[in-house]
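Chain and residue survey
Take a look at the letters that make up each chain.
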Amino acid sequence: MSWRIESTLLHGNASLNGVRDRGVRLAKGLEPAFLAFGRARNNLDKLLSGDALCVTTGQQPGLLSGPVMTIHKALATAALAERCSEALNKHVVPVFWVAGDDHDFAESNHLHLISNTNEVERIELRSRPDDASAVPLYREKLGQDIVKVFDRVRALSPDTEFRDAQLEKFATHYVSERDFATAFAGTMAELLGEFGIVVFQPYMPEAKTAFVPTVESALAGATGINEALIRRS
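Quick look at the structure, then. Within each chain, residue numbers correspond to sequence positions counted from 1 in written order. Given that this is a predicted model, residues contribute local features only at a pLDDT of at least 70 and side-chain atom pairs are listed and counted only at 80 or more, while totals for whole chains, interfaces and linings are drawn from all residues. The basis for every side-chain value is the complete set of non-hydrogen atoms in the structure, without hydrogens or water.

**A word on helix H2 (residues 68-88)**
A run of DSSP states H or I qualifies as a helix once it reaches four residues; a run of E qualifies as a strand once it reaches two. Both are numbered from the N-terminal end. A helix's residues, less one, multiplied by 1.5 Å, set its expected span. Here H2 spans 30 Å end to end across 21 residues, near enough to the 30 Å set by a 1.5 Å rise per residue. A simple rule labels every residue: compare its accessible area, found with a 1.4 Å probe on the protein chains alone, to the largest value its type can have, and call it buried under 20%, exposed over 50%, or partly exposed in between. For H2, the set of buried residues is Thr-70, Ala-74, Thr-77, Ala-78, Leu-80, Ala-81, Cys-84, Ser-85 and Leu-88. Buried positions in H2, seen along its axis, are confined to an arc of 165° and lie on one side of it. Away from its buried face by more than 90 degrees, H2 exposes Val-68, His-72, Glu-82 and Glu-86. Directly beyond the C-terminal end of H2, a positive phi value near 55° is found at Asn-89. Each direction from the helix axis to a C-beta atom contributes to the arc, which is the arc of those directions.

Shown next, in the form of structure tokens:
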């Protein structure tokens, strides 16, 4: 198995030679690890059939979709996929990778918003004790603390024509019995589906099973991969 890092079409001068005809089919049984709403459903079908390529971005799970940069990264990837589709004359799907194996709870357990008094407010789900186990976010249940988060957001945010409808969408995913990563993945899939963005959940059993050969190969060739990364950077 060979490892190769390729540039994407950012400024019109990146080489895409050999990319058009790659045609790699996804591992069998991987579909449950993907989420797709609206336009993204057709993109997922093409990806699973092997009739499309993809460009990816991703982020660790965030509270109520996380920082604005997360949405910006996803939309930028959709725009890049569209440009690559035009350049290659082949369907290219934008995929958002949810890094649910991340265990840095302190980075994900809060959000900031501009309040109705024009102040930046920090709203936190809860904190972990310093000696707590490093549980990955796909195993971290939201718990009843999420109710207090919604209460705080409603109390602090301006009462606009968008607020309640958007909070209702969040509330369908961010529920007490759901884990942090799954809540985030569902939210992102619903928010971004109209832009054709497919959401991938690599922490799902189907994904972890599919990763095994690649991880084994990476471990066996770790020295060469590391040297290639150093040369590239």
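**Digging into the packing of helix H5 (residues 163-173) against helix H6 (residues 180-192)**
The axes are straight lines fitted to the C-alpha atoms, using for helices just the contacting stretch, and the angles between their N-to-C directions are given from 0 to 180°. Closest axis-to-axis distance for the H5/H6 pair is 8 Å, and the angle between their directions is 135°. Here H5 lies oblique to H6, going by the angle between them. Our pair here, H5 against H6, has a crossing hand that is right-handed. Side by side, H5 and H6 meet where Gln-166, Lys-169, Phe-170, Thr-172 and His-173 of the first sit next to Ala-183, Gly-186, Thr-187, Glu-190 and Leu-191 of the second. In this classification, Asp, Glu, Lys and Arg are treated as charged, Ala, Val, Leu, Ile, Met, Phe, Trp, Tyr, Cys and Pro as nonpolar, and every other residue, Gly included, as polar. Looking at the contact of H5 with H6 residue by residue, the class counts come to 3 nonpolar, 5 polar and 2 charged. Here the word oblique covers every angle except those under 35 degrees (roughly parallel), over 145 (roughly antiparallel) and from 65 to 115 (roughly perpendicular). Each crossing gets its hand from how the near helix is turned against the far one by less than a right angle, where anticlockwise is left-handed and clockwise is right-handed. We call two residues contacting when some pair of their heavy atoms lies within 4.5 Å.

**Observations regarding the sheet that holds strand S6 (residues 198-200)**
Across the sheet, which stays open at both edges, the 4 strands sit in the order S1-S6-S3-S2 with mixed pairing between neighbours. Looking at strand neighbours, the two that pair on one side only are strand S1 (34-35) and strand S2 (53-59), the edges of this open sheet. Paired strands, in this sense, are two strands between which DSSP finds at least two bridges. Pairing analysis gives 3 bridges linking strand S3 (residues 92-98) to S6, with the strands arranged parallel. Following the sheet pairing, Trp-97 is matched in S6 by Phe-200.

**Focus on the nonpolar core**
The nonpolar core is taken to be a set of buried Ala, Val, Leu, Ile, Met, Phe, Trp, Tyr and Cys residues, with the residues joined through side-chain atoms within 4.5 Å. Leu-63, Leu-64, Phe-96, Leu-125, Ile-146, Val-149 and Tyr-174 are the most contacted members of the largest nonpolar core, which has 33 residues in total. For this core, the elements supplying multiple residues, two or more each, are H2, S3, strand S4 (110-114), helix H4 (145-156), H5 and H6. Top contributing element to this core by residue count: H6, with 8 residues. Apart from residues lying up to four places away in sequence, Leu-63 is in contact with Ser-108, Asn-109, His-110, Leu-111, Ile-123, Leu-125, Ile-146, Val-149, Tyr-174 and Phe-180. Residues Ala-33, Phe-34, Leu-44 and Ala-207 belong to the second largest nonpolar core, which totals 13 residues.

**Comments concerning the pattern of salt bridges**
Salt bridge criterion: a side-chain nitrogen from Lys or Arg within 4 Å of a carboxyl oxygen from Asp or Glu. Here the structure, examined in full by the defined rule, presents 9 salt bridges. We note a salt bridge from Glu-31 to Arg-41, for which the minimum N-O separation is 3.0 Å. Residue Glu-31 is located in the segment before S1, and its partner Arg-41 is located in helix H1 (residues 39-49); the two are separated by 10 residues in the primary sequence. Given the relative accessible area of 38%, Glu-31 is considered partly exposed. We classify Arg-41 as partly exposed; its relative accessible area is 34%. Connected through salt bridges with shared partners, the residues Arg-126, Arg-128, Glu-140 and Asp-145 form a single ionic network.

**Looking at the environment of Met-204**
With respect to the helices, strands and loops of the structure, Met-204 is situated in the loop between S6 and helix H7 (205-220). As for Met-204 and Ala-33, which are separated by 171 residues in sequence, their C-alpha atoms are 5.7 Å apart. Those residues in contact with Met-204, other than ones at most four positions away along the chain, are Pro-32 and Ala-33.

**Observations concerning the packing of aromatic side chains**
Only centres within 6.5 Å qualify two rings of Phe, Tyr or Trp (six-membered ring in Trp) as a pair; their planes then separate them into stacked at under 30 degrees, edge-to-face at over 60, and tilted for everything else. This model, assessed by the stated rule, comprises 7 aromatic pairs. Relative to Phe-180, the ring of Phe-105 has its centre 6.0 Å away and its plane inclined at 85°; by these criteria the two rings are edge-to-face. Note that Phe-105 is positioned in helix H3 (residues 105-108) and Phe-180 in helix H6, a separation of 75 residues in sequence. With relative accessibility at 3%, the residue Phe-105 sits in the buried group. The exposure class assigned to Phe-180 is buried, which follows from its relative accessible area of 0%. Pairwise contacts between aromatic rings join Phe-34, Trp-97, Phe-200 and Phe-211 into one cluster.

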